[in-house]
Amino acid sequence: EIVLTQSPTTTAASPGEKVTITCLASSSVSNMYWYQQKSGASPKLLIYSTSSLASGVPDRFSGSGSGTSYSLTINTMEAEDAATYYCQQWSSNPPTFGSGTKLEIK
Amino acid sequence: EVQLVESGGGLVQPGRSLKLSCLASGFTFSNYGMNWIRQAPGKGLEWVASISSSSSYIYYADTVKGRFTISRDNAKNTLYLQMTSLRSEDTALYYCARRSRWAPFDYWGQGVMVTVSS
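Residues numbered from 1 in each chain as written. Chains lettered and ligands numbered in written order. Predicted model: local features only at pLDDT ≥ 70, side-chain atom pairs only at ≥ 80, totals over all residues. Heavy atoms only, no water.

**Description of the state of the cysteines**
Step number 1: Applying the stated rule across the entire model yields two disulfides over all chains.
Step number 2: At a sulfur-sulfur separation of 2.1 Å, the disulfide partner of A:C23 is A:C87. Torsion about the S-S bond of the A:C23 and A:C87 cystine: about 70 degrees, corresponding to right-handed handedness. One end of the pair, A:C23, is in strand β3 (residues 19–25); the other, A:C87, is in strand β9 (residues 83–89), and 64 residues separate them in sequence.
Step number 3: A sulfur-sulfur separation of 2.0 Å characterises the disulfide bridge that pairs B:C22 with B:C96. Where B:C22 bonds to B:C96 through sulfur, the torsion about that S-S bond is close to 50 degrees, and the disulfide is right-handed. Of the two residues, B:C22 is situated in strand β3 (residues 18–25) and B:C96 in strand β9 (residues 92–99); the sequence distance between them amounts to 74 residues. Of the two residues, B:C22 and B:C96, both sit in the buried class. (Disulfide = S-S within 2.5 Å. Helix = DSSP H or I, 4+ residues; strand = E, 2+ residues; numbered from the N terminus. Buried < 20%, exposed > 50% of the residue type's maximum accessible area, 1.4 Å probe, protein only.)

Given below as structure tokens:
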């Protein structure tokens, strides 16, 4: 099973600040997916195939990476971006998720 | 608009069974693979099971293999999860999620709570 390690576990950012969340895989994966889960809501697909924005996702979000190292970047933090973010792989079975990064607004 | 609505959750005693349903609308259900994913209270996401569009391919997490059965009825646009021999560690919010060509879980339902307790 591929283990995904996210960092940081928790972070806070001021409006307008740049935020980067990292996801390290225990083995190489071909693609990474990112999900956003706001408090009390279902997860929502944010990024697919490492760097493609899902429909309706603001372009301040971006994804990058390859092999075992991937990242999600919010270019300019907004209050509505406060949420928990999860990375996820399905390059090999079983599909696995990172443990999540809680992002708060300062 | 894609909609996934789960139902069938509740409080159940350890060792008992429960069957979850997920009613899909807004897309051609028979063309998509489907998944169950769960989230224990205050915890992260755990994939549970997947089924292909025609039920030809089915996969389970090791934690539920032999106890849970995923199935679907394409005529009724409904996904199911039959859960048996339930344990306290199965307590979670269960989501159904659609699989598309570009993402394993592109749309999620609102979730249904399953609590296993005596």
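**Section: the interface of chain B and chain A**
Step number 1: Listed by partner, the interface residues are 20 residues for chain B and 16 residues for chain A.
Step number 2: A buried area of about 1400 Å², summed over both sides, lies between chain B and chain A, and 68% of it is on carbon and sulfur atoms.
Step number 3: The interface formed by chain B and chain A holds zero salt bridges in total.
Step number 4: Our enumeration of links across chain B and chain A arrives at four residue pairs in polar contact (both at pLDDT 80 or more).
Step number 5: Elements with a contribution of two residues or more to the side of chain B that touches chain A: β4 (33–39), β5 (45–51) and β9 of chain B.
Step number 6: Sorting elements by how many residues they give to the side of chain B that touches chain A places β5(B) first, with four residues.
Step number 7: Of the residues contributing to the side of chain B that touches chain A, the split by class is 10 nonpolar, six polar and four charged. (Contact = heavy atoms within 4.5 Å. Buried area = accessible area lost by both parts, 1.4 Å probe. Salt bridge = Lys/Arg side-chain N within 4 Å of Asp/Glu carboxyl O. Polar contact = N/O pair within 3.5 Å; in protein donor to acceptor, adjacent residues only side chain to side chain. Nonpolar A, V, L, I, M, F, W, Y, C, P; charged D, E, K, R; others polar.)

**Observations concerning the nonpolar core**
Within soluble globular proteins, side chains that are nonpolar generally end up buried alongside one another.
Step number 1: Residues A:W34, B:W36 and B:Y94 are the most contacted members of the largest nonpolar core, which totals 65 residues.
Step number 2: Aside from chain neighbours lying at most four places away, what touches B:Y94 is B:E6, B:L20, B:W36, B:I37, B:R38, B:V48, B:F68, B:L81, B:M83, B:G111, B:V112 and B:V114. (Core = buried A, V, L, I, M, F, W, Y, C linked by side-chain atoms within 4.5 Å.)

**A word on the sheet that holds β3(A)**
All names here are of chain A.
Step number 1: One open sheet holds the four strands; their spatial order is β1-β3-β8-β7, and the pairing between them is antiparallel. Two strands close off the open sheet at either side, each with one partner strand: β1 (4–7) and β7 (61–66). If you compare each strand with its neighbour and ignore which way they point, the axes differ by 15 degrees on average.
Step number 2: Inspection of the sheet shows β7 paired to strand β8 (residues 69–74) by six bridges, in the antiparallel sense. If you follow G63 over to β8, its bridge partner there is L72. (Pairing = 2+ DSSP bridges. Axes fitted to C-alpha atoms, helices over the stretch in contact; angles between N-to-C directions.)

**Brief notes about the pairing of strand β11 (residues 101–105) of chain A**
Residues and elements named next belong to chain A.
Step number 1: Examined bridge by bridge, strand β2 (residues 10–13) and β11 share four bridges and lie parallel to one another. What sits directly across from T10, in β11, is K102.
Step number 2: Sheet topology note: the β9/β11 ladder contains three bridges and is antiparallel. Residue pairing across strands places Y85 opposite T101, the latter belonging to β11.

**Details of the side chain of B:S21**
Step number 1: Secondary-structure assignment places B:S21 in strand β3.
Step number 2: The residues touching B:S21, leaving out its near neighbours within four places in the chain, are B:V5, B:E6, B:S7, B:W36, B:T78, B:L79 and B:Y80.

**Re the side chain of B:E6**
Residues and elements named next belong to chain B.
Step number 1: Residue placement: E6 occurs in strand β1 (residues 3–7).
Step number 2: Buried E6, no salt bridge; nearest opposite-charge side chain is R98, N-O distance 13 Å.
Step number 3: Separated by 3.1 Å, the side chain of E6 and the backbone nitrogen of Q110 make a polar contact.
Step number 4: In this structure the side chain of E6 is engaged in a polar contact, spanning 2.9 Å, whose partner is the backbone nitrogen of G111.
Step number 5: Apart from the residues within four sequence positions on either side, E6 is in contact with S21, C22, W36, Y94, Y95, C96, G109, Q110, G111 and V112. (Lys, Arg positive; Asp, Glu negative; His and termini not counted.)

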